Structures are given as C-alpha cells and as structure tokens.
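Okay, here's what each chain looks like letter by letter:
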Amino acid sequence: MRTAFILSASQAIHAAIVANEAEIESLDRAIGDGDHYVNMRRASEMIASMQSELDDQPVDVVLNKIGMKLLSTLGGASGPLFASFFMAMGKTAKENGHESLLQTAAAFAAGVQAIIQRGKAGLGEKTMLDVLIPASTTFTTLAAQDKPAKEIAEALKKTADEGLESTRNLIATKGRAAGLGERAIGHLDAGAKSCQVMIHTVCDLVLKG
Ligand code: ADP
Ligand code: MG
C-alpha cells in the first residue's frame, strides 16, 4: 500500500458513493433515519479534497490524518466507526510496515478490529461488519498464501457481495434498525452497502493496475 494508491482510491470512492446514491439513500431510509448517504458523501468528499495536504506524507500519517478528520467532522454512528478504522490501520501500518499484501491485510484487520471494539458489535448483527469481517478474513488468508493481488481483489469483491447479501435476512441488534425487530428483515443494511461499494472500488483499481 502506497500513499499514491490511497489518494487515487479516495477519489474513486467519492465518485462511487455518489454513483450509488439512490441505493444507499433508500436503504438507510427504509430501516434507519435516511442520513447515511449524506454522511458518506460528505466524508468521501472531504477526504478526496485533502489530496494536496496528504500527497507527500508517509502511508501511516495519511491514514491517521484521514481518521482524525473523520472523527472531528463526521456525525452518525458510522463516523466514529470509520474514524477508528483509519486510525487503527495507520497505527498498524506504522508498527508493522505496509509494503507487502500481508502487511496491508494486517492493517486492514486492525482497522476492522477497531470498529468491532468501538461499536461493540460482531458478525450477524446487520451492520457494516457483516461485509468487513469476512473481507478481512479473506484478505488475510489469501495474502498469507502469497496469492497475487488481482486474485485477492477478485475474491474480496465476491466476499463483499456475499456479506452484503447476508444482511438481508437478519434482524438488527445494533444501530437504529435494532428497534425494528422483524420489520428489518428483507432489507439490506446501508453501512454494509457502503462498505461493499468501497471494497469493489478499491479492488477495481487493483484489477486495472
Ligand atoms: P446513524 O445510524 O447514526 O444514522 P449512519 O446512518 O451514518 O449513522 O450509519 C448507519 C450504519 O452504521 C448502519 O447501517 C450500520 O452498518 C452501521 N452501524 C451502526 N451501529 C453500528 C455498530 N455498533 N457497529 C458497527 N456498525 C454499526
Ligand atoms: Mg442513519
């Protein structure tokens, strides 16, 4: 993972969030309060606009700055969760390095672990973690097997699709949808959708490169 890649990814993610407005909006409207798209658009726009501040900085500093910015400016349940993801990823990148795919997978895993701790949630609670936890497992497993980046990217897209789909028939036990009980069944989780979109976007950059 390099700074230039993170910056291209942040531009591409902003475009992808905007392109998926209708779906992200309608999911949070159905079983949340409808603000998730606006939160995600604001966050991705802000990060995309930090390019000149970040482009000569080391990877760990870039990740940490993104996290700090999200923490100070982004509301909703998802703001502090994404902020902890980036800050933990930055910390692990600094301590363990970030050159290899295995080191990148370890940083991603630390980011996901930080979301688990901050949100006190796990797998099967109809949240973004239903995409992120399986994605992290796939990434770590395939990187440990020395699989090529493109093969990992393809596998991660598939894992993210399956994770998103798994939220459809769950009842929510965390977040706003938790109050809905069985009425949440049949709807995908909005945060899981955003994560699936972001994982697809980053993997498509890897597949193109
Ligand atoms: P809010 O719920 O405050 O309106 P957002 O709409 O921005 O915030 O984000 C909602 C998303 O956040 C949900 O769709 C879910 O994926 C995620 N989420 C909510 N609570 C948690 C939690 N405790 N752990 C992990 N993810 C969560
Ligand atoms: Mg919301």
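Preceding this paragraph is the structure being described.
Just so you know, these numbers come straight off a predicted model, no measurement behind them.

Q: Where do I start with the site of ligand 1 in this structure?
A: For ligand 1, the set of nearby residues contains 20 residues, the closest of which are Asn39, Ala77, Ser78, Arg176 and Asp189. Here an oxygen atom of ligand 1 sits 2.7 Å away from a polar atom, N or O, in the main chain of Ala77. In this structure, Gly191 approaches ligand 1 through a main-chain N or O atom, which is 3.0 Å from an oxygen atom. Here ligand 1, which alone exposes 560 Å², has 92% of that area covered by the protein.

Q: Would you take a moment to explain the nonpolar core for this structure?
A: Where a protein is soluble and globular, its nonpolar side chains tend to be buried together. Counting residues in hydrophobic clusters, the biggest one holds 56 residues, and the most contacted among them are Ile17, Leu63, Ile66, Leu70, Phe108, Leu132 and Ile199. Sorting elements by how many residues they give to this core places helix α8 (residues 129-144) first, with eight residues. Each residue touching Ile17, except ones within four places of it in the same chain, is listed here: Ile24, Tyr37, Met40, Arg41, Ser44, Val197 and Met198.

Q: Would you explain the environment of Ala192 in this entry?
A: In this structure, Ala192 sits in helix α10 (residues 190-208). Spatially, the C-alpha atoms of Ala192 and Ala177 are 13 Å apart, while their sequence positions differ by 15 residues. In this structure Ala192 touches Thr127, Met128, Val131, Leu164 and Thr167, once residues within four positions along its chain are discounted.

Q: Quick question: what am I supposed to make of the layout of surface pockets here?
A: The method is simple in principle: a probe with the dimensions of a water molecule rolls over the atoms, and the space it marks as empty is what remains. Approximately 1,000 Å³ is the volume attributed to the largest pocket. The wall of the largest pocket is formed by 38 residues, among which Phe5, Ala9, Met89, Phe108 and Val202 lie closest to the centre. At the level of elements, α1 (3-19), α3 (36-48), α5 (59-73), α6 (78-96), α7 (101-119), α8, α9 (149-166) and α10 are the ones that each hand at least two residues to the lining of the largest pocket. With six residues, α10 is the largest single contributor of residues to the lining of the largest pocket. Residue composition of the lining of the largest pocket, by class: 32 nonpolar, four polar and two charged. When its volume is computed, the second largest pocket comes out at roughly 510 Å³. Every residue lining the second largest pocket is counted, 27 residues in all, and those nearest its centre are Ala77, Ser78, Gly175, Arg176 and Asp189. Split into classes, the residues belonging to the lining of the second largest pocket amount to ten nonpolar, nine polar and eight charged.

Q: Would you mind going over the coordination of the magnesium ion (ligand 2) with me for this structure?
A: In an ideal octahedron of six donors the angles at the metal are 90 or 180 degrees, and in an ideal tetrahedron of four donors they are 109.5 degrees. Protein coordination at the magnesium ion (ligand 2) comes from Asp28 (OD), Asp33 (OD) and Asp35 (OD), with a distance range of 2.0 to 2.5 Å. Sequence positions of the residues that donate to the magnesium ion (ligand 2) give the spacing D-x4-D-x1-D. For Asp33, a relative accessible area of 39% puts it in the partly exposed group. In this structure Asp35 comes out as partly exposed when scored by relative accessible area, which is 27%.

Q: Please explain the pattern of salt bridges as it appears in this structure.
A: When the charged atoms of two side chains lie near each other, side chains of opposite charge can form a pair. Applying the stated criterion across every chain, the model contains nine salt bridges. Ionic pairing is found between Arg176 and Asp33, a salt bridge with its closest N-O pair at 3.0 Å. Separated by 143 residues along the polypeptide, Arg176 in the loop between α9 and α10 and Asp33 in the loop between α2 (21-31) and α3 bring together distant segments of the chain. Given a relative accessible area of 59%, Arg176 falls into the exposed group. Across the pair Glu125 and Lys174 runs a salt bridge whose closest N-O atoms are separated by 3.2 Å. Of the two residues, Glu125 is situated in the loop between α7 and α8 and Lys174 in the loop between α9 and α10; the sequence distance between them amounts to 49 residues. Its relative accessible area of 28% is what places Lys174 among the partly exposed residues.

About the thresholds
Residues numbered from 1 in each chain as written. Chains lettered and ligands numbered in written order. Predicted model: local features only at pLDDT ≥ 70, side-chain atom pairs only at ≥ 80, totals over all residues. Heavy atoms only, no water. Near = heavy atom within 4 Å. Polar contact = N/O pair within 3.5 Å; in protein donor to acceptor, adjacent residues only side chain to side chain. Areas by Shrake-Rupley, 256 points an atom, 1.4 Å probe, with all protein chains shown as cover. Core = buried A, V, L, I, M, F, W, Y, C linked by side-chain atoms within 4.5 Å. Buried < 20%, exposed > 50% of the residue type's maximum accessible area, 1.4 Å probe, protein only. Helix = DSSP H or I, 4+ residues; strand = E, 2+ residues; numbered from the N terminus. Contact = heavy atoms within 4.5 Å. 1 Å grid on protein atoms, 1.4 Å probe; cavity = no way out; pocket = protein on both sides within 12 Å on 5 of 7 lines; lining within 4 Å. Points joined across faces, edges and corners; volume = space filled by probe spheres on them. Nonpolar A, V, L, I, M, F, W, Y, C, P; charged D, E, K, R; others polar. Donors = N, O, S within 2.8 Å, 3.2 Å for Na, K, Ca; no water. Salt bridge = Lys/Arg side-chain N within 4 Å of Asp/Glu carboxyl O.

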